[in-house]
Amino acid sequence: MSCYFCFLLLVAGNETTTNLITNTMHTLFEHPDILNQLYKDNTLIPAAIEESLRH
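Here's a quick rundown of the structure.

Parameters at a glance
Residues numbered from 1 in each chain as written. Predicted model: local features only at pLDDT ≥ 70, side-chain atom pairs only at ≥ 80, totals over all residues. Heavy atoms only, no water. Helix = DSSP H or I, 4+ residues; strand = E, 2+ residues; numbered from the N terminus. Rg over C-alpha atoms; globule rule 2.2 N^0.38 Å. Buried < 20%, exposed > 50% of the residue type's maximum accessible area, 1.4 Å probe, protein only. Areas by Shrake-Rupley, 256 points an atom, 1.4 Å probe, with all protein chains shown as cover. Salt bridge = Lys/Arg side-chain N within 4 Å of Asp/Glu carboxyl O. Patch = residues over 30% accessible without salt bridge, like charges linked within 9 Å, V, L, I, M, F, W, Y side chains within 5 Å.

## Details of the overall build of the protein chain
Part 1 of the reasoning: Regarding its fold elements, the protein chain presents three helices and zero strands.
Part 2 of the reasoning: In the protein chain, the succession of α and β elements from N to C terminus is α-α-α.
Part 3 of the reasoning: A compact globule built from 55 residues should have a C-alpha radius of gyration of about 10 Å, whereas the protein chain, at 15 Å, is more than 25% larger.
Part 4 of the reasoning: Expressed along its principal axes, the backbone C-alpha trace of the protein chain runs to roughly 50 × 20 × 15 Å.
Part 5 of the reasoning: Looking at the protein chain as a whole, 7% of its 55 residues are labelled buried.
Part 6 of the reasoning: Carbon and sulfur atoms make up 67% of the accessible area of the protein chain, which totals about 5000 Å².

This is the structure in structure tokens:
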């Protein structure tokens, strides 16, 4: 029984992580000015990641 639960967590975690990365990149491509700021100043990346998790 626990083997199936672990598999479920693995699949669900993979799907949500993939969607999070895809949505974050889609949002950044829709706002190239923000993407350029991240390219220019790497110290902004942790805040951008935190904001994408909140979004």
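## Some thoughts on the pattern of salt bridges
Part 1 of the reasoning: In total, this model carries one salt bridge according to the counting rule given.
Part 2 of the reasoning: A salt bridge links Arg-54 to Glu-51; the shortest N-O distance between them is 2.7 Å. Taken together, the residues Arg-54 and Glu-51, both in helix α3 (residues 45-54) and three residues apart, mark about one turn of the helix.
Part 3 of the reasoning: Assessed through its relative accessible area of 55%, Arg-54 is described here as exposed.

## Let's talk about a nonpolar patch on the surface
Part 1 of the reasoning: Judged by side-chain polarity, Leu-20, Ile-45, Ile-49 and Leu-53 come together as a nonpolar surface patch covering roughly 340 Å² of accessible area.
Part 2 of the reasoning: At three residues, α3 tops the list of elements feeding residues into the nonpolar patch.
Part 3 of the reasoning: With respect to the helices and strands, the residue Leu-20 is situated in helix α1 (residues 2-30).
Part 4 of the reasoning: The exposure class assigned to Leu-20 is partly exposed, which follows from its relative accessible area of 31%.

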